[in-house]
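# What the coordinates show
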Amino acid sequence: QQQVKQSPQSLIVQKGGISIINCAYENTAFDYFPWYQQFPGKGPALLIAIRPDVSEKKEGRFTISFNKSAKQFSLHIMDSQPGDSATYFCAAREGGSYIPTFGRGTSLIVHP
Amino acid sequence: GAGVSQSPRYKVAKRGQDVALRCDPISGHVSLFWYQQALGQGPEFLTYFQNEAQLDKSGLPSDRFFAERPEGSVSTLKIQRTQQEDSAVYLCASSLVRNQPQHFGDGTRLSIL
């Protein structure tokens, strides 16, 4: 049983376009939602994170939108660049826990 | 070094052999985590250390998996009598304290033939 469901599995976007990755969860004890970026042969790197007391968080071209009632959150990458091509993982963590539960990942390709 | 360092980067072993994977965390980081990442999947938690104490080993898939961090710095993940299903990337992460952001190493890709 997958606790964090991520879609799509793969995504192709043209340079300058918007990339949108969605995640859904069931566990209402989750209270911290990070997104990780992973390049081939590298470890995941924390990109941006949100807590459920806010509905949106923006850092540069990256925005997390959070819908607590729907138990969904999404990553938007504005003005997507070829250098953004990577695998993106959403994750969720329960309050008081140190163990994130990861989604299965989205492979993003941004064409020049 | 500035980041988490893992060695070797690649390891090929025959089924039944024992392997040892090393993690050098960021200096001063109290918390150290091991994850297993299967192909096309997200990382899955294996075990957690606070200094030299292994506080959580709930994610270790079998008693063939063993981890240690004897001096509270470098950690070793050992897999005994390897099986083909052990083939994966093994990631190590460290953080200043346990709820702070985790910094991942680049992993060891383990292939069991």
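If you're wondering where the values come from, they're calculated on a predicted model, not measured in any experiment.

## Things to note about the interface of chain A and chain B
Contact with chain A, which involves 17 residues of that partner, is made by 19 residues of chain B. Taking both partners together, chain A and chain B bury about 1500 Å²; carbon and sulfur atoms supply 52% of that area. Among the residues of chain A in contact with chain B, A:Pro44, A:Tyr98 and A:Phe102 are the three that bury the most area, contributing 37% of the side total. Inspection of the region where chain A meets chain B yields one salt bridge. With a closest N to O distance of 3.5 Å, A:Lys42 and B:Asp106 form a salt bridge. The interface formed by chain A and chain B includes six residue pairs in polar contact (both at pLDDT 80 or more). Class assignment of the residues belonging to the side of chain A that touches chain B gives a composition of eight nonpolar, six polar and three charged.

## Notes on the pairing of strand β3 (residues 19–24) of chain B
Residue and element names in this part refer to chain B. Taking every second residue as pointing to the same face, the buried face of β3 carries Val19, Leu21 and Cys23, while none of Ala20, Arg22 and Asp24 on the other face is buried. Bridging between strand β1 (residues 5–7) and β3 involves three bridges; their strand directions are antiparallel. Paired with Gln6 across the bridge in β3 is Cys23. By the bridge criterion, five bridges tie β3 to strand β8 (residues 75–79) in an arrangement that is antiparallel. Looking at the pairing, Val19 lines up with Ile79 of β8.

## A short note on empty space enclosed by the protein
Per the stated rule, a full pass over the model turns up one cavity of 30 Å³ or more. Quantified by volume, the largest cavity comes out at close to 70 Å³. A:Tyr32, A:Pro34, A:Tyr36, A:Leu46, A:Arg93, A:Tyr98, A:Pro100, B:Asn99, B:Gln100, B:Pro101 and B:Gln102 are the residues that line the largest cavity. By residue number, the principal contributor to the lining of the largest cavity is strand β4 (residues 30–38) of chain A, which donates three residues. Partitioning the lining of the largest cavity into residue classes produces seven nonpolar, three polar and one charged.

## Here we look at the state of the cysteines
By definition, a disulfide links the sulfur atoms of two cysteine residues through a covalent bond. All names here are of chain A. Considering all chains together, one arrives at two disulfides over all chains under this definition. What pairs with Cys23 in a disulfide is Cys90, and their sulfur atoms sit 1.9 Å apart. Looking along the S-S bond of the Cys23-Cys90 disulfide, the torsion reads about -95°, which is the left-handed sense. Linking Cys23 in strand β3 (residues 19–25) with Cys90 in strand β9 (residues 86–94), this pair joins segments that are 67 residues apart in sequence. Accessibility classification places Cys23 together with Cys90 in one group, the buried group.

## Brief notes about a nonpolar patch on the surface
There is a patch of nonpolar side chains on the surface, built from A:Ile18, A:Ile20 and A:Met78 and spanning about 240 Å² of accessible area. Along the chain, A:Met78 turns up in the loop between β8 (72–77) and β9.

Basis of the calculations
Residues numbered from 1 in each chain as written. Chains lettered and ligands numbered in written order. Predicted model: local features only at pLDDT ≥ 70, side-chain atom pairs only at ≥ 80, totals over all residues. Heavy atoms only, no water. Contact = heavy atoms within 4.5 Å. Buried area = accessible area lost by both parts, 1.4 Å probe. Salt bridge = Lys/Arg side-chain N within 4 Å of Asp/Glu carboxyl O. Polar contact = N/O pair within 3.5 Å; in protein donor to acceptor, adjacent residues only side chain to side chain. Nonpolar A, V, L, I, M, F, W, Y, C, P; charged D, E, K, R; others polar. Buried < 20%, exposed > 50% of the residue type's maximum accessible area, 1.4 Å probe, protein only. Helix = DSSP H or I, 4+ residues; strand = E, 2+ residues; numbered from the N terminus. Pairing = 2+ DSSP bridges. 1 Å grid on protein atoms, 1.4 Å probe; cavity = no way out; pocket = protein on both sides within 12 Å on 5 of 7 lines; lining within 4 Å. Points joined across faces, edges and corners; volume = space filled by probe spheres on them. Disulfide = S-S within 2.5 Å. Patch = residues over 30% accessible without salt bridge, like charges linked within 9 Å, V, L, I, M, F, W, Y side chains within 5 Å. Areas by Shrake-Rupley, 256 points an atom, 1.4 Å probe, with all protein chains shown as cover.

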